Amino acid sequence: MSLLAHHIPSDDPDRLALTDQQITMGWAELDQVMNRGVNLLRSLDLGPERRLAVFAENSAETVIAYVAAALAGASAVPVNFHLTPDELAYILEDSATALLLVGPETAERGLLAAQAVASTSGGSPITVIGWRCSDHPAMVSWEDRLARTSTEPPPTDIPPLPHLFYTSGTTGRPKGVEAPPGLYKGGATVAEYAASCATPNAAIGTHLVVGPMYHAGPFAATRNLLGGACVVVMGRFDAEATLAAIDRYRVRGVFMVPTHFSRLLALSAEVRKSYRTDSLVSVTHSGAPCPVSVKRAIIDWLGPIVYEGYGSTEVGGSCHINSEDWLAHPGSVGRPVPPFEVLIADEQGNELPPGQEGRVYFVDGSGRGIRYRNAPDKTAAAHLRPGVFTLGEIGYVDDEGFLYLTDRFSDMVVSGGVNIYPAEAEQVLVEHPGVADVACIGVPDTEMGEQLMALVVATDPDQPPLEAEVIAFCRDRIAHYKCPRSVEFISEENLGRTAMGKINKQALRAPYWKG
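Residues numbered from 1 in each chain as written. Predicted model: local features only at pLDDT ≥ 70, side-chain atom pairs only at ≥ 80, totals over all residues. Heavy atoms only, no water.

(A) The arrangement of the sheet that holds strand E5 (residues 99-102) in detail. Across the sheet, which stays open at both edges, the five strands sit in the order E4-E3-E5-E6-E7 with parallel pairing between neighbours. Lying at the two open borders of the sheet, with one neighbouring strand each, are strand E4 (75-78) and strand E7 (140-141). Sheet analysis places strand E3 (residues 51-55) next to E5, joined by four bridges and oriented parallel. Each residue of the ladder has a partner; that of alanine 53, found in E5, is leucine 100. In this fold helix H4 (residues 107-119) packs onto E3, E5 and strand E6 (127-130), with an angle of close to 165° to the strand it touches most, E5. (Pairing = 2+ DSSP bridges. Helix = DSSP H or I, 4+ residues; strand = E, 2+ residues; numbered from the N terminus. Contact = heavy atoms within 4.5 Å. Axes fitted to C-alpha atoms, helices over the stretch in contact; angles between N-to-C directions.)

Written out as structure tokens, the structure is:
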């Protein structure tokens, strides 16, 4: 028997299981499609690491692909669908991906990246399969291959493999992070993995996906589906469409980022009142600091059903806080969850007492810490000592053990829940003939939390390039979300680069965050 078969209601096999804007499937139909998907992936050569990448916008097929990969004993790489062909090619090569799955919005870039990898010295050919795509001689049709694949239940006694996320680094190249225990329970067989997905979160009921599934939070919908929850998939975020979906499907749970909250709250009171939200029992957010006023307003509107998780792709959730505790400790990201403990330290690594601000570290009781693929230097740099790691934050804990974040000592910028590493834009912008030097920093943004700004030293201070020209130069070379949204021209003295080439970005950020 297949692993989804026991979710098929005996009294209603067509009860909704998965839907997006174009496709709706009941549990019985999804079971057959999933069998085909698993059997298709098992029939393909996925290389020695059994790796496939999903480079596609949110859709029912995206969910099916991730779940099928897990049940086929394959390791999926969720790839940011904004990336350029060159950026994608790096990930495909570094991850040893043998199969690339694309959607209509990403097919052209996916094909170019696959061709680039195959053309490199020693590069292996990558099979490209696309759904909802126009015919292309170098691409296999997902729909055609599924239709010709058996619906027989695949074996369930094969070992599962964790998925592989890619997160950017200060060197400008993203690094692979194998899904940590907090995001992947594993098991000896795919049957055990599927059983581990029957969590209280999945048992809540219908889940809505509003964020891009290459992020760890929205990716959890794949586990919810395996656990028996109906999943409703949205495309690009639209605030009113989100409320309409919550109303129509009587959504019980959803994962969001603070930017989603801001956009929902920006709707008029009339619009908000026209949709029912009383079905919600869990609204979880993470990915970026949430302004106190925004979070208080969301709780006032939806009730004490708002939960916050603080952590990262590298380790999963390290802190958690519910609405009641947050209202008593506004601004806190919560207390640590097992196996983590919080450690606040000074720059020398000495532990600081409650109430005193310092670098935020976590003690991982399992000893695992953070592990980056093919990047021992970056792995070492994230640790104070083995099993004690940092996510680059500055903060303090109060007398009750609640953690508050106040700044970053790493350069990372979090905009709309998306991690941006300034080094990537800096390495591009410094190639502009009108740019002598540059530093990119995060500055406040009312909707996105913060946005990337480029502080540019012009080659000719009397005739600096236009702001739009600098931004366009960057956007032509890397994904748009990694590029600055604004440019300010400053003197070399004000940039403050030392003789060793270092810049104090905390000092550069300070004037913009004052007050």
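(B) Focus on unusual backbone geometry. Following proline 338, the chain continues to proline 339 via a peptide bond in cis, the omega torsion being 10°. Turning to its location among the elements, proline 339 is positioned in the loop between strand E16 (335-336) and strand E17 (340-345). In this model, arginine 50 sits at a positive phi of 50°, which is unusual for a non-glycine residue. Along the chain, arginine 50 turns up in the loop between helix H1 (27-43) and E3.

(C) Inspection of the pairing of strand E25 (residues 449-458) at higher detail. By the criterion of burial, E25 is predominantly enclosed, with nine of the 10 residues buried. Relative to E25, strand E24 (residues 435-445) runs antiparallel, the two being bridged by 10 bridges. Each residue of the ladder has a partner; that of valine 443, found in E25, is glutamine 451. Here E24 folds back onto E25, and the loop between the two strands holds three residues. (Buried < 20%, exposed > 50% of the residue type's maximum accessible area, 1.4 Å probe, protein only.)

(D) Geometry of the packing of aromatic side chains. As enumerated under the stated definition, the model contains 10 aromatic pairs in all. Between the aromatic rings of tryptophan 131 and tryptophan 142, the centroid separation amounts to 5.3 Å while the plane-to-plane angle is 75°, which identifies the pairing as edge-to-face. With tryptophan 131 in the loop between E6 and E7 and tryptophan 142 in helix H5 (residues 142-147), this pair connects stretches of sequence that are 11 residues apart. Of the two residues examined, tryptophan 131 and tryptophan 142, each falls in the buried class. By the ring-pair criterion, three or more aromatic residues cluster together here, those being Tyr310, Phe340, Phe362 and Phe389. Across the ring face of tyrosine 372, the terminal group of lysine 378 is positioned such that the distance to the ring centre comes to 4.1 Å. Here the guanidinium or amino end of arginine 477 rests over the ring plane of phenylalanine 473, the centre of that ring lying 3.6 Å away. (Phe/Tyr/Trp six-rings, centres within 6.5 Å; stacked < 30°, edge-to-face > 60°. Lys NZ or Arg CZ within 6 Å of the ring centre and 35° of its normal.)

(E) The arrangement of the pattern of salt bridges in detail. In the structure shown here, the tally under the stated rule is 15 salt bridges. When the shortest N-O distance is used, the salt bridge between aspartate 11 and arginine 15 registers 3.3 Å. Note that arginine 373 and glutamate 49 form a salt bridge whose closest N and O atoms lie 3.0 Å from each other. Taken as a pair, arginine 373 in the loop between strand E18 (358-364) and helix H14 (376-381) and glutamate 49 in the loop between H1 and E3 lie far apart in primary sequence, 324 residues in all. Linked by salt bridges that have partners in common, Asp11, Asp12 and Arg15 make up one network. (Salt bridge = Lys/Arg side-chain N within 4 Å of Asp/Glu carboxyl O.)

(F) Region of interest: the sheet that holds strand E11 (residues 231-233). With mixed pairing, nine strands are arranged side by side in an open sheet as E2-E1-E11-E10-E12-E13-E14-E15-E16. The sheet terminates laterally at strand E2 (24-26) and E16, the two strands that pair on one side only. Bridge count between strand E12 (residues 253-256) and strand E13 (residues 282-285): four bridges; the pairing is parallel. Its bridge partner being in E13, methionine 256 is matched across the sheet by histidine 285. Packing of H1 onto the sheet brings it into contact with strand E1 (16-19) and E2, and relative to E2 it is tilted by some 100°.

(G) Inspection of helix H3 (residues 85-94) at higher detail. When you tally the buried positions in H3, you get seven out of 10 residues, the bulk of the element. Along H3, the residues that are buried comprise Glu87, Leu88, Ala89, Tyr90, Ile91, Leu92 and Asp94. Positive backbone phi, approximately 60°, marks alanine 96, located one or two places after H3.

(H) Expanded view of the side chain of serine 262. Examined against the element boundaries, serine 262 turns out to sit in helix H10 (residues 258-265). Not counting residues within four places of it along the chain, the set of residues in contact with serine 262 comprises Val294, Thr446 and Glu447.

(I) Looking closely at helix H12 (residues 292-302). Within the sequence span of H12, burial applies to Val294, Lys295, Ile298, Ile299 and Leu302. Each buried residue of H12 lies within a common arc of 130° when the element is viewed along its axis, so the set occupies one face. Set apart from the buried face of H12 by more than 90 degrees, the exposed residues are Ser293 and Asp300. Summarising the contacts, the buried residues of H12 are in contact with H10, E13, strand E14 (306-312), strand E15 (316-321) and helix H13 (323-328). Where H12 ends, the next residue or the one after it, glycine 303, has phi of about 100°, a positive value. (Arc of directions from axis to C-beta.)

(J) Just the packing of H10 against H12, in detail. At a minimum axis separation of 10 Å, H10 and H12 run at an interaxial angle of 65°. As H10 runs across H12, the sense of the crossing is left-handed. Contact residues: H10 offers Pro258, Phe261, Ser262, Leu264 and Leu265, while H12 offers Val294, Ala297, Ile298 and Trp301. In terms of residue class, the contact of H10 with H12 is built from eight nonpolar, one polar and no charged. (Left-handed = near helix turned anticlockwise from the far one by under 90°. Nonpolar A, V, L, I, M, F, W, Y, C, P; charged D, E, K, R; others polar.)

(K) Spatial organisation of the environment of aspartate 247. Relative to the helices and strands, aspartate 247 is located in helix H9 (residues 239-249). Counting along the chain gives 27 residues from aspartate 247 to serine 274, while the straight-line C-alpha distance between them is 9.4 Å. Apart from residues no more than four positions distant in its own chain, aspartate 247 is found in contact with Ser274, Tyr275 and Arg276. A polar side-chain atom of aspartate 247 sits 3.0 Å from a polar atom in the side chain of arginine 276. (Polar contact = N/O pair within 3.5 Å; in protein donor to acceptor, adjacent residues only side chain to side chain.)

(L) A look at the nonpolar core. Ranked by size, the top nonpolar core spans 55 residues in total, and within it Leu30, Met34, Leu52 and Leu101 carry the most contacts. A per-element tally of this core places helix H2 (residues 60-71) first, with 10 residues. Beyond its immediate chain neighbours, meaning those up to four positions away, methionine 34 contacts Leu4, Ile64, Val67, Ala68, Leu71 and Leu225. Formed by 30 residues, the second largest nonpolar core is a distinct cluster that contains Val210, Leu243, Leu264 and Trp326. (Core = buried A, V, L, I, M, F, W, Y, C linked by side-chain atoms within 4.5 Å.)

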